[in-house]
Amino acid sequence: MKFINDVIECFANPKYLSAMLEGLKLTFIISLGAAIVGLLLGTLVALVKISKSTSPWMIFPRTICNVYITVIRGTPMALQLFIMAFVIFAIRGFPQEITAIIAFGINSGAYVAESIRAGILSVDVGQTEAGRALGLSNSVTMMKIVIPQAIKNVIPTIGNELIALIKETSIVSMIGMYDLTAAAKNVGAGHNLASYIAPMTVAALFYLAIVYALTFAVKKLERRLRSGDKR
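Our subject in this report is the structure included herewith. Along each chain, the written sequence defines residue order, and numbers are assigned to residues from 1. Local features in a predicted model are, by the rule used here, given only for residues with pLDDT of at least 70; side-chain atom pairs are given and counted only at 80 or more, and totals for whole chains, interfaces and linings are based on all residues. Heavy atoms throughout the structure, all of them, feed into the side-chain values; hydrogens and water do not.

### A few points about the overall build of the chain
A run of H or I in DSSP becomes a helix once it reaches four residues, and a run of E becomes a strand once it reaches two; helices and strands are each numbered from the N terminus. Scanning the chain from N- to C-terminus turns up nine helices and zero strands. Helices and strands appear in the chain in the N-to-C order α-α-α-α-α-α-α-α-α. Each of the three principal axes of the chain carries a C-alpha extent, and together these read 70 × 45 × 25 Å. Categorising residues by exposure relies on relative accessible area from a 1.4 Å probe, with only protein chains included: less than 20% of the type maximum marks a residue as buried, more than 50% marks it as exposed, and the intermediate range marks it as partly exposed. In the chain, which comprises 231 residues, the proportion classed as buried is 39%. Of all intrachain contacts in the chain linking residues separated by at least 6 positions in sequence, the fraction that spans at least 24 positions is 74%. Computed by Shrake-Rupley with a 1.4 Å probe, the accessible areas treat only the displayed protein chains as cover when residues are assessed. Accessible surface for the chain amounts to roughly 13,200 Å². Of this, 68% is attributable to carbon and sulfur atoms. Only four residue types enter the charge count, namely Lys and Arg as positive and Asp and Glu as negative; His and the chain termini do not. Lysine's charge is taken at NZ, arginine's at CZ, aspartate's at CG and glutamate's at CD. Each charge sign in the chain was given a centre, from 21 positive and 12 negative side chains, and these centres are 7 Å apart. Note on contacts: a residue pair is in contact if any heavy atoms of the two residues lie within 4.5 Å.

Listed below in structure tokens is the structure:
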């Protein structure tokens, strides 16, 4: 009963609720910024990787993209965040929010790139051949025929990556940032164990609500995109 009362207090106490909402605001900022960076970077990397050009101008970028994906997917997000915060952007006065957005955006981009690449390759090659037979260039065929079909295939995977991204941002407190998780820790600091768990539960409810809303939006978008498909 005391635990439930502590949870209710986190919502009812203006001081506690304000602290949680302030942390939630930073979580939203980092998640949204990183999602945009990840989608743009991932799309670019995917297009470079699927290019069949043998020109040296494409071979080098393709190699860089392969190394980028291997390194980012093969190392922990926490380590990447530390390197960004304390090595690459260890500049006095440099906004930590920007550092976090870049770090999470680069990490997300590696996963998004593979998802988009797989989605494009999943489109039947006959679609590309049909476009070329109609006299369309490779770029027009890709933009008008292949990518619209690939988008429907990658929406669920991209949605899962966005959900994972939101939850991963909880580690920014490790570099001293005041996100939702850090706010919960701050609210519970100095109290007994039960009181400490209560704000963590409230933070979990906030994360759960965000993830549920995003899942609902992704499913609705997926249904709309597939509404014209014939079964």
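### Considering the nonpolar core
Formed by 46 residues in total, the largest nonpolar core has its most connected members in Met-20, Ile-30, Leu-81, Phe-104, Val-172, Met-177 and Leu-180. When residues of this core are traced back to their parent elements, those giving at least two are α2 (14-50), α4 (77-88), α5 (96-122), α7 (138-168), α8 (180-188) and α9 (193-226). Sorting elements by how many residues they give to this core places α2 first, with ten residues. In contact with Phe-104, not counting residues within four places along its chain, are Ile-30, Ala-34, Met-77, Leu-81, Leu-165, Glu-168, Thr-169, Ile-171 and Val-172. To define a nonpolar core, start from buried Ala, Val, Leu, Ile, Met, Phe, Trp, Tyr and Cys residues and group those joined through side-chain atoms within 4.5 Å.

### Structural notes on the layout of surface pockets
Considering only enclosed or pocket space, the largest pocket measures out at about 550 Å³ in volume. A 1.4 Å probe that fits but cannot get out identifies a cavity on a 1 Å grid over protein atoms alone, an open set with protein on both sides within 12 Å along at least five of seven lines counts as a pocket, and a residue lines either if it has an atom within 4 Å of a point. Lining the largest pocket are 15 residues; nearest its centre among them are Ile-50, Lys-52, Ile-120, Thr-128 and Met-142. Put simply, the parts of the chain that give the lining of the largest pocket at least two residues each are α2, α5, α6 (125-133) and α7. Among the elements that line the lining of the largest pocket, the one with the most residues is α7, at five residues. Only Asp, Glu, Lys and Arg are considered charged, only Ala, Val, Leu, Ile, Met, Phe, Trp, Tyr, Cys and Pro nonpolar, and every remaining residue, Gly among them, polar. Among the residues making up the lining of the largest pocket, the classes are represented as eight nonpolar, five polar and two charged. Grid points are joined across faces, edges and corners, and a volume is the space filled by probe spheres set on the points.

### Focus on the packing of aromatic side chains
Any two of the Phe, Tyr and Trp rings considered here, Trp counted by its six-membered ring, make a pair once their centres fall within 6.5 Å; the pair's planes then place it as stacked at under 30 degrees, edge-to-face at over 60, or tilted in between. As enumerated under the stated definition, the model contains two aromatic pairs in all. Taken together, a centroid distance of 5.7 Å and an interplanar angle of 25 degrees make the contact between Phe-82 and Phe-86 stacked. Taken together, the positions of Phe-82 and Phe-86, both in helix α4 and four residues apart, correspond to about one turn of that helix. Of the residues examined, Phe-82 reaches a relative accessible area of 29% and is grouped as partly exposed. Look at Phe-89 and Phe-94: their rings are 4.9 Å apart centre to centre, the planes differ by 10 degrees, and that puts the pair in the stacked class.

### Notes on a positive patch on the surface
A cluster of basic residues, Lys-219, Lys-220, Arg-223 and Arg-224, forms a positive patch on the protein surface. Its location among the elements puts Lys-220 in helix α9. Residues enter a patch when their relative accessible area is above 30% and they make no salt bridge; the linking distance is 9 Å between like charges and 5 Å between nonpolar side chains (Val, Leu, Ile, Met, Phe, Trp, Tyr). For salt bridges, the criterion is a side-chain nitrogen of Lys or Arg within 4 Å of an Asp or Glu carboxyl oxygen.

### What to know about the packing of α6 against α7
In this description, a line fitted to the C-alpha atoms serves as the axis of each element, helices being fitted only across the stretch in contact, and the angle between N-to-C directions of two axes falls anywhere from 0 to 180 degrees. Closest axis-to-axis distance for the α6/α7 pair is 9 Å, and the angle between their directions is 140 degrees. What the angle tells us is that α6 and α7 run oblique. Viewed along their axes, α6 and α7 form a crossing whose handedness is right-handed. The residues of α7 that touch α6, namely those facing Gln-127, Thr-128, Gly-131 and Arg-132, are Asn-138, Thr-141, Ile-145, Val-146 and Gln-149. Looking at the contact of α6 with α7, its residues break down into two nonpolar, six polar and one charged. Relative orientations are named as follows: roughly parallel for angles under 35 degrees, roughly antiparallel for angles over 145 degrees, roughly perpendicular for angles from 65 to 115 degrees, and oblique for any other angle. In a left-handed crossing the near helix is turned counterclockwise from the far helix by less than a right angle, and in a right-handed crossing that turn is clockwise.

### A few points about the side chain of Glu-114
Position of Glu-114 relative to the elements: it lies in helix α5. Using a relative accessible area of 16% as the deciding quantity, one classes Glu-114 as buried. For the purposes of these results, a polar contact is taken to be a pair of N or O atoms within 3.5 Å, where, inside protein, one atom must be able to donate a hydrogen and its partner to accept one; residues adjacent in sequence count only when each atom of the pair is a side-chain atom. Polar contacts involving the side chain of Glu-114 include one to the side chain of Arg-117, which spans 3.2 Å. Contacts of Glu-114, omitting those with residues within four sequence positions, involve Lys-49, Ile-69 and Arg-73.

### Let's talk about the pattern of salt bridges
Taken as a whole, this structure holds two salt bridges when the rule is applied. Across the pair Glu-114 and Lys-49 runs a salt bridge, and its minimum N-O distance is 3.3 Å. Highlighted residues: Glu-114 in helix α5 and Lys-49 in helix α2, separated in sequence by 65 residues. Using a relative accessible area of 21% as the deciding quantity, one classes Lys-49 as partly exposed. One salt bridge connects Arg-117 with Glu-114, and the closest N-O pair in it is separated by 3.2 Å. Here Glu-114 and Arg-117 lie together in helix α5, a separation of three residues that amounts to about one turn. Taking the relative accessible area as the measure of exposure, Arg-117 reaches 24% and is therefore partly exposed. The network of salt bridges with shared partners includes Lys-49, Glu-114 and Arg-117.

Fair warning: the whole summary comes from geometry, so function is off the table for now.
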